[in-house]
Amino acid sequence: MRDAYIVTSIRTPGGKKSKGVFKDTRPEDLLAFILKAAVDKTPGLEMKHVEDVLVGCAFPEAEQGLNIGRIVAQMAGFPDQVSGATVNRLCASGLEAIASASLRVMSGWSDVVIAGGLESMTYVPMGGNIPRPHPEYARKHAELYVSMGVTAENVASRYKISREAQDEFACRSHMQAAEARDKKRFAEIVPTPATKYVQQGDGTYKKETFFVDHDDGIRPDTTLEALAKLNPVFAAGGSVTAGNSSQTTDGAAATIIMSAARVKDLGLTPIAKLNHYTVVGCKADEMGVGPRLAIPKLLKMAGLDLKDIGLFEINEAFASQVVYCISELGIDVDKVNIHGGAIALGHPLGCTGAKLCATLLANMQQRSVKYGIESMCIGGGMGAAALFELCD
């Protein structure tokens, strides 16, 4: 099989659900912007060179429905011959799109594919607008439909992850994210236009545009004392709080993947290769353990050890599950989420796999790290993990 090269990987900032910078920005506009920006940032590449656009989206309905991958490719200005599809593996949708795009290039089916991710949790809520679990099956297997917060409580109680450990990890996320923002280390972020409606003197509203260049969920004033005062939100007497859980967020990301021949034709210097990708199932009511299972499976596929991996991006769906996975695997925490994670930066569901790819590759470049792993847990009881290799 051929190698598939990543030449561009970027993301929008993350905006807090319903209250953040993108609360009045439709998801199609976020995705159209980042797709076009990815092409603009790739020297010599034209929209007509792209063969397919694969977009991860966890809840592809309403404003982000009707095959958002095809519709937004058109909105962004891609010609008619550029096709599009929507990919859904819930929290790993964006990474699944990158893996699928890479396979198309590896197999020789395509030479240029854009993979991305999108989620506007302001416009489409967690679970979608009309969730309808199967009535008979749900009576016997309610765990498949249970709140993700309940699964985080299960991980905390079953594997003895203390409230203190969770809060400490959450505080770390905010502190590292704040430092990275202040020192301008989020090289993967592209300043993104956002919409707001401003009331005029006559009572009407005018649509205005402004640019956003940083994630708006970072709280640099977070303290352990403040986190300790928060009440649990998913179980009486529990330990999972709003403070040690990921933020619900709006955002989009895009990655351009090419064959070696097209890279050479355009005279590009690739960033990295996606070497291996894997998924694994686990108990639905403790879905947070997914990375604990997926990362060893990935390393075995690649013939590598933990010591070979320079950086990790493990999605912080909940502090309880990240702390558990890091501890069980024996990963050096200093290699994990070095610029903070979803507790501070947000978890825009279907976008997360794509945005973490952009973040990981930027961090690998900054630190000259050869191998990096991206991993996350997935609703319904799964884990995903991908191995990226920095190009020389």
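Criteria and cut-off values
- Residues numbered from 1 in each chain as written.
- Predicted model: local features only at pLDDT ≥ 70, side-chain atom pairs only at ≥ 80, totals over all residues.
- Heavy atoms only, no water.
- Helix = DSSP H or I, 4+ residues; strand = E, 2+ residues; numbered from the N terminus.
- Buried < 20%, exposed > 50% of the residue type's maximum accessible area, 1.4 Å probe, protein only.
- Contact = heavy atoms within 4.5 Å.
- Areas by Shrake-Rupley, 256 points an atom, 1.4 Å probe, with all protein chains shown as cover.
- Lys, Arg positive; Asp, Glu negative; His and termini not counted.
- Charge placed at Lys NZ, Arg CZ, Asp CG, Glu CD.
- Core = buried A, V, L, I, M, F, W, Y, C linked by side-chain atoms within 4.5 Å.
- Expected span 1.5 Å × (residues − 1).
- Axes fitted to C-alpha atoms, helices over the stretch in contact; angles between N-to-C directions.
- Left-handed = near helix turned anticlockwise from the far one by under 90°.
- Nonpolar A, V, L, I, M, F, W, Y, C, P; charged D, E, K, R; others polar.
- Patch = residues over 30% accessible without salt bridge, like charges linked within 9 Å, V, L, I, M, F, W, Y side chains within 5 Å.
- Salt bridge = Lys/Arg side-chain N within 4 Å of Asp/Glu carboxyl O.
- Phe/Tyr/Trp six-rings, centres within 6.5 Å; stacked < 30°, edge-to-face > 60°.
- Lys NZ or Arg CZ within 6 Å of the ring centre and 35° of its normal.
- Polar contact = N/O pair within 3.5 Å; in protein donor to acceptor, adjacent residues only side chain to side chain.

Caption draft 1: Summary view of the overall build of the chain. Looking only at helices and strands, one finds 12 helices and 12 strands in the chain. Dimensions of the chain, computed from the C-alpha atoms along their principal axes, are close to 65 × 60 × 50 Å. Sorting the 392 residues of the chain into buried and exposed places 56% on the buried side. In the chain, of all internal contacts separated by at least 6 residues, the share reaching a separation of at least 24 is 79%. For the chain, the computed accessible surface area is about 16000 Å², with 52% contributed by carbon and sulfur atoms. Mean positive and mean negative side-chain charge positions of the chain (41 and 44 charges, respectively) differ by 1 Å.

Caption draft 2: The arrangement of the nonpolar core in detail. Residues L31, L35, V53, F78, I114, I256 and M258 are the most contacted members of the largest nonpolar core, which totals 37 residues. Setting aside anything within four residues of it in sequence, one finds L35 in contact with V53, V72, A73, A76, F78, I114 and A254.

Caption draft 3: How the structure looks around helix α6 (residues 163-182). Along its 20 residues, α6 runs 29 Å from first to last C-alpha, staying within 8% of the 28 Å computed at 1.5 Å per residue. Along α6, the residues classified as buried are R163, Q166, D167, F169, A170, C171, R172, S173, H174, A177, A178 and A180. In the core, the buried residues of α6 are packed alongside α5 (148-158), α7 (224-228), α10 (319-329) and α11 (342-345). Positive phi shows up at K184, right after α6, with a value of about 55°.

Caption draft 4: Quick peek at the packing of helix α1 (residues 27-40) against helix α2 (residues 68-76). With their axes 9 Å apart at the nearest point, α1 and α2 run at an angle of 65° to one another. Crossing angle aside, the handedness with which α1 passes α2 is right-handed. Packed against α1, whose contacting residues are E28, D29, L31, A32, L35 and K36, the element α2 presents I68, V72, A73, M75 and A76 at the interface. Partitioning the contact of α1 with α2 into residue classes produces 8 nonpolar, no polar and 3 charged.

Caption draft 5: Representation of helix α12 (residues 352-367) in the model. Compared with the 22 Å implied by 1.5 Å per residue over 16 residues, the 22 Å span of α12 between its first and last C-alpha is a close match. By the criterion of burial, α12 is predominantly enclosed, with 13 of the 16 residues buried. The positive-phi residue at the C-terminal boundary of α12 is S368, with phi of around 55°.

Caption draft 6: Structural view of a positive patch on the surface. On the surface, K16, K17, K19 and R219 cluster together to form a positively charged patch. Looking at the secondary structure, you find K16 in strand β2 (residues 15-16).

Caption draft 7: Local environment of the pattern of salt bridges. A full pass over the atoms with the stated rule returns 20 salt bridges. Between E188 and R11 there is a salt bridge whose closest N-O contact spans 3.1 Å. You can see E188 sitting in the loop between α6 and β6 (192-199) and its partner R11 sitting in strand β1 (residues 4-11), a full 177 residues away along the chain. A single burial state applies to E188 and to R11, both of which are buried. D265 is paired through a salt bridge with R262; the nearest N and O atoms lie 4.0 Å apart.

Caption draft 8: Spatial organisation of the packing of aromatic side chains. Summed over the entire model, instances satisfying the criterion amount to 2 aromatic pairs. Ring centres 6.1 Å apart and planes at 85° place the aromatic pair F234 and F318 in the edge-to-face group. Taken together, the residues F234 in the loop between α7 and β8 (249-259) and F318 in the loop between β10 (311-314) and α10 connect sequence positions 84 residues apart. By relative accessible area, which is 31% here, F234 ends up partly exposed. When its relative accessible area of 8% is taken as the criterion, F318 is described as buried. Sitting over the ring of F210, K196 keeps its end group 5.3 Å from the ring centre.

Caption draft 9: Layout of the environment of M364. If you trace the backbone, M364 turns up in helix α12. Owing to a relative accessible area of 0%, M364 belongs among the buried residues under this scheme. Distance from M364 to D3, taken between C-alpha atoms, is 19 Å for residues 361 residues apart in sequence.

Caption draft 10: Up close: the side chain of E316. Mapped onto the elements, E316 comes out in the loop between β10 and α10. Buried charge E316 goes without a salt bridge, the closest partner of opposite sign being R172 at 4.8 Å. Among the polar contacts made by the side chain of E316, one reaches the main-chain amide nitrogen of I343 at a distance of 3.1 Å. Aside from chain neighbours lying at most four places away, what touches E316 is F169, S173, S246, Q321, V322, N337, G340, G341, A342, I343 and A344.

Caption draft 11: Local environment of a nonpolar patch on the surface. A contiguous nonpolar patch, built from L66, I71 and M75 and spanning about 310 Å² of accessible area, is present on the exposed surface. Its location among the elements puts L66 in the loop between β3 (52-56) and α2. Residue class for L66 comes out exposed when judged on its relative accessible area of 73%.

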